Every structure is written in C-alpha cells, then in structure tokens.
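So you can see what is in the structure, the chains are spelled out below.
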Amino acid sequence: MSTTITAAVSRITGQPFSLETLELEDPRDNEVLVRIVATGICHSDLHMRNAPDRVPKPIVLGHEGAGVVERVGRSVKKVQPGDHVVITFDSCGACPNCTQGHAAYCQFLRRHAFSGARADGSTALRCNGEVIHSHFFGQSSFAGYSICTERNVVPVDRTLPLSLLGPLGCGIQTGAGAMINSLKVGAGDRVAVLGSGSVGLAGVMAAQVAGAATIVAVDLQANRLALAEQLGATHTLKSTDGDLLSQLQAIAPQGFNAILDTTGHDGLIKQAVAALAAFGVCGLVNTVSGADIHANILDLVRGGRSVRGIHQGDSVPEIFIPKLIELYKQGRFPFDKLIRFYDFADINQAMADMHAGTTIKPVIRISPEP
C-alpha cells in the first residue's frame, strides 16, 4: 500500500524544485509516518540542490520537519498516532559513536543523511513507477508526509504550534548546542560568533542563556547585526576578512574563550584562532565549504588553544530539543524571531530569499496545525 502525497522534487542540479504528486510507501516495522505541518529550509538543502554529486537526483530534500504521527510500524514504541514530533537527523544506533551517546557523529552518517535511500538501499517514493530518492537526513520533509525512523522523531509539547518547531531539528540545535554542549560556554565567558544566520544567531541566544559576559556577532548585513543585538549580542562587527582580528582584539584584548564559526571562510577562521585566549576553542560548523583551514601551530600549542569540528551541536535531540522548547516558553530563547513563513507553493521563493540573505530562517507551511 502507499499514500499519495505532494512533494517538492529536486530533479536537475541547480534548478528550482517542482511540486509533484508522488506515491509514498507505508511505514515499515521500525518506521513512522508523519504528516508534515511545516518544515524549515536549511542552507544544506540549497547546497544539495545545487551540488552535482552530493545526493542522487531526483530527490525530495528537507530535514527540519515537524508534524503529527499518522501511523507507526509494528516495532515502534517511542511514539503513537496523534503525537506531535520534531524530526531530526537519523543515525544507525549501533556503531561505537551512537552507542556512546554521540549519534551526531554516527559512523554511517553519510548513508543515513545523503544516500537518498534507507540503509538497505531502498527508497520510499515513486512517481508513476519512477524511483524518487527519499530519506534525506532520514526524513525528506519537503512533502506532505514523511517516512522517518523511530530514532529520529522527537515527541514535543502539544501546546506550541508545530509550524515553529521544525528548525529545532537541525539549524537551531546546531547553533545552540555548539555553544552549550560543544564549547561549554559559561558565566562570564567572552565569545564571538562569525556569521549571523540562523545557526549563528541561535549561538548568540545560547551564549546569553549560558551567562556569557561578552558576545560578539559578526556579519556583513546590518539587519542581521541589529537582530543579533536584540537577541543578546553585546557587540556587533560589520567586518570583512581583512580587519576582523584587530576589531576582536579591541573588544577583548585578553582573548576569547570560545569562537563559533558558521561561515566556513578560511581567512576569518584563521583570524578567529588568533583571537582566542589561552585554552580557547574555535568551533567549526559549516559543512559545505570544503575550505582548507590554516592556523599557526605554535600559537595553538603555547596557548593550549584548539580548533574542533562540531556536528548538530553535539546534541542528543531527545534531550536537547525539549530543553530548547522550555527555554523558548520562558522567553529566554526567542528563536521565533528568526522565522519567516511561506506557503508550500512558494518554496522556490523561500529558497531564493534565504540565499539572498533577506530571510534568515524560512519555514514552509505544508498542512494545517492540528
């Protein structure tokens, strides 16, 4: 059996999505069928659409879905029909990293996120008999319905609108988790965030929650820096790669305890490392630039400084996403200020607005709130 759905299909590299009628398989024993209420758009969706070889095409992208459980497979115990869920990244659950609580670093992450299929190589989508690749990040949520696994659905508070919550599954948890879980920012710390998109601004909000005394937001767009100030930044810099270090040093001559880079720009990262205090850490979350990073090894060794990669904010989504929701309910993590809503039919415009920087976090409304 199958379900007829509408989905945004990426068929040709670099070209707009086409809204098409597809057939979605019923959930298997360990799978969950979710009616998607809304899904955020992440820069990874843009890059996968535009990259010729990162994912197979045709494919349904989307990996910040939120919705209502419709059906569950026979072995599923975690959720039941009617539950409200945020969908996050999928993982195998059995490799050493997963079993030690580090599913964000699953050894088979590429298979679960980018293969366009289940772990066994099968896909869940068809269009008049044509195979359409599915399971992007274990969800492919640019669609009316999504097939997920029990591992990557997170039950959430029913009192909040689902249309707000999807970005918690990737971009928002990445920025917030980087500050709280990875860089372990604490009271009185000096931090900087390079790039004031949704990930960077989530980092700014999390740094304020953690009690950082100095929070510097860096970007080239004045409107984003103004929003960063509203969200907790104590300083903003409209900076280019040529003068960032001197500006950071003017704000914190003793150096920064933590710097989060969301740009992937090697020139900025090199200066960020130079601006670290002793034992400071520069965290890197941009996964699409592929830049080669160069740093002075002597500076790292003499100061005990380090540079580390961060994926999904080192979060355990079942624990971290409900924490972010509670902070939001308390008014301490207003991530809704990043969001602009679009109708499903306007998904290509939403993608263009995000690429242009006029929208920080586009969210596509797909079906009515329950």
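Residues numbered from 1 in each chain as written. Predicted model: local features only at pLDDT ≥ 70, side-chain atom pairs only at ≥ 80, totals over all residues. Heavy atoms only, no water.

## Remarks on helix H11 (residues 317-329)
Link 1 in the chain: Here H11 spans 18 Å end to end across 13 residues, near enough to the 18 Å set by a 1.5 Å rise per residue.
Link 2 in the chain: Listed in full, the buried residues belonging to H11 are Pro317, Phe320, Ile321, Leu324, Ile325, Leu327 and Tyr328. In a view along the axis of H11, the buried residues occupy a sector of 160 degrees, so they form one face of it.
Link 3 in the chain: Buried residues along H11 sit in contact with strand S6 (84-87), strand S10 (153-155), helix H4 (162-165), helix H5 (171-182) and helix H6 (198-210). (Helix = DSSP H or I, 4+ residues; strand = E, 2+ residues; numbered from the N terminus. Expected span 1.5 Å × (residues − 1). Buried < 20%, exposed > 50% of the residue type's maximum accessible area, 1.4 Å probe, protein only. Arc of directions from axis to C-beta. Contact = heavy atoms within 4.5 Å.)

## What to know about the pattern of salt bridges
Link 1 in the chain: Counting across every chain of the model gives 15 salt bridges.
Link 2 in the chain: Across the pair aspartate 26 and arginine 71 runs a salt bridge, and its minimum N-O distance is 3.0 Å. You can see aspartate 26 sitting in the loop between strand S2 (18-25) and strand S3 (31-40) and its partner arginine 71 sitting in strand S5 (residues 65-72), a full 45 residues away along the chain.
Link 3 in the chain: In this structure arginine 71 comes out as partly exposed when scored by relative accessible area, which is 33%.
Link 4 in the chain: Measuring nitrogen to oxygen at the nearest pair gives 3.2 Å for the salt bridge that ties arginine 74 to aspartate 29. Taken as a pair, arginine 74 in the loop between S5 and S6 and aspartate 29 in the loop between S2 and S3 lie far apart in primary sequence, 45 residues in all. (Salt bridge = Lys/Arg side-chain N within 4 Å of Asp/Glu carboxyl O.)

## What about the pairing of strand S14 (residues 256-261)?
Link 1 in the chain: Of all six residues in S14, five are buried; the element is thus mostly enclosed.
Link 2 in the chain: In the sheet, S14 pairs with strand S15 (residues 276-284) via five bridges, with the strands oriented parallel. By the bridge assignment, phenylalanine 256 is partnered in S15 with leucine 276.
Link 3 in the chain: A crossover connection joins S14 to the parallel S15 through helix H9 (residues 266-274); in handedness this β-α-β unit is right-handed. (Pairing = 2+ DSSP bridges. Right-handed = clockwise from strand over helix to strand, strands pointing away.)

## Side note on the packing of aromatic side chains
Ring pairs (aromatic) are described by centroid distance and by the angle formed between their planes.
Link 1 in the chain: Tallied over the full model, the rule gives six aromatic pairs.
Link 2 in the chain: With a centroid separation of 5.6 Å and 75 degrees between ring planes, the pair formed by phenylalanine 17 and phenylalanine 142 is classed as edge-to-face. Of this pair, phenylalanine 17 sits in the loop between strand S1 (2-10) and S2 while phenylalanine 142 sits in the loop between strand S8 (130-132) and strand S9 (145-149), and the two are 125 residues apart along the sequence. Exposure class is identical for phenylalanine 17 and phenylalanine 142. Each is buried.
Link 3 in the chain: With 6.1 Å between their ring centres and 55 degrees between their planes, phenylalanine 114 and phenylalanine 136 make a pair best called tilted. Here phenylalanine 114, found in helix H3 (residues 109-114), pairs with phenylalanine 136, found in the loop between S8 and S9; they are 22 residues apart in sequence, far enough to count as distant.
Link 4 in the chain: Among the residues examined, phenylalanine 136 registers a relative accessible area of 0% and is labelled buried.
Link 5 in the chain: Aromatic rings pair up to connect Phe114, Phe136 and Phe137 into one cluster.
Link 6 in the chain: Directly above the ring of phenylalanine 17 sits arginine 49, whose terminal nitrogen or CZ lies 5.9 Å from the centroid. (Phe/Tyr/Trp six-rings, centres within 6.5 Å; stacked < 30°, edge-to-face > 60°. Lys NZ or Arg CZ within 6 Å of the ring centre and 35° of its normal.)

## Thoughts on the environment of alanine 113
Link 1 in the chain: Turning to its location among the elements, alanine 113 is positioned in helix H3.
Link 2 in the chain: For the pair alanine 113 and serine 91, spaced 22 residues apart in sequence, the C-alpha to C-alpha distance is 8.2 Å.

## Here's the deal with the packing of helix H8 (residues 244-251) against H9
Link 1 in the chain: As a packed pair, H8 and H9 sit with axes 9 Å apart at the nearest point and diverge in direction by 30 degrees. One finds that H8 runs roughly parallel with respect to H9. Crossing geometry of H8 relative to H9 is assigned as right-handed. Residues Leu244, Leu245 and Gln249 of H8 form the contact with H9, whose participating residues are Leu268, Gln271 and Ala274. (Axes fitted to C-alpha atoms, helices over the stretch in contact; angles between N-to-C directions. Parallel < 35°, antiparallel > 145°, perpendicular 65-115°, else oblique. Left-handed = near helix turned anticlockwise from the far one by under 90°.)

## Describing the sheet that holds strand S13 (residues 235-238)
Link 1 in the chain: In space, the six strands of this open sheet follow the order S13-S12-S11-S14-S15-S16, with parallel pairing throughout. The open sheet is flanked by S13 and strand S16 (306-309), the only strands paired with a single partner. With strand direction ignored, the average angle separating the axes of adjacent strands in the sheet is 15 degrees.
Link 2 in the chain: Note that strand S12 (residues 214-219) and S13 share four bridges and pair parallel. Looking at S13, one finds that aspartate 219 is bridged to lysine 238.
Link 3 in the chain: Contacts from helix H7 (residues 222-230) reach S12 and S13 within the one sheet, and its direction differs from that of S12 by about 165 degrees.

## Brief notes about the side chain of threonine 88
Link 1 in the chain: One can find threonine 88 in the loop between S6 and helix H2 (96-99).
Link 2 in the chain: In this structure threonine 88 comes out as buried when scored by relative accessible area, which is 1%.
Link 3 in the chain: At a separation of 2.8 Å, a polar atom in the side chain of threonine 88 contacts the main-chain carbonyl oxygen of glycine 169.
Link 4 in the chain: Setting aside residues no more than four positions away along its own chain, threonine 88 makes contact with Phe137, Gln139, Asn152, Val154, Gly169, Gln173, Pro317 and Ile321. (Polar contact = N/O pair within 3.5 Å; in protein donor to acceptor, adjacent residues only side chain to side chain.)

## Digging into the nonpolar core
Link 1 in the chain: Membership of the largest hydrophobic core comes to 52 residues, with the highest contact counts inside it found for Leu165, Met179, Phe333 and Phe335.
Link 2 in the chain: Sorting elements by how many residues they give to this core places H6 first, with seven residues.
Link 3 in the chain: Excluding anything up to four places from it in sequence, leucine 165 contacts Ala66, Val86, Val156, Leu160, Ile325 and Phe335.
Link 4 in the chain: Of all hydrophobic cores here, the second largest spans 51 residues; its members include Val9, Val60, Leu61 and Cys95. (Core = buried A, V, L, I, M, F, W, Y, C linked by side-chain atoms within 4.5 Å.)

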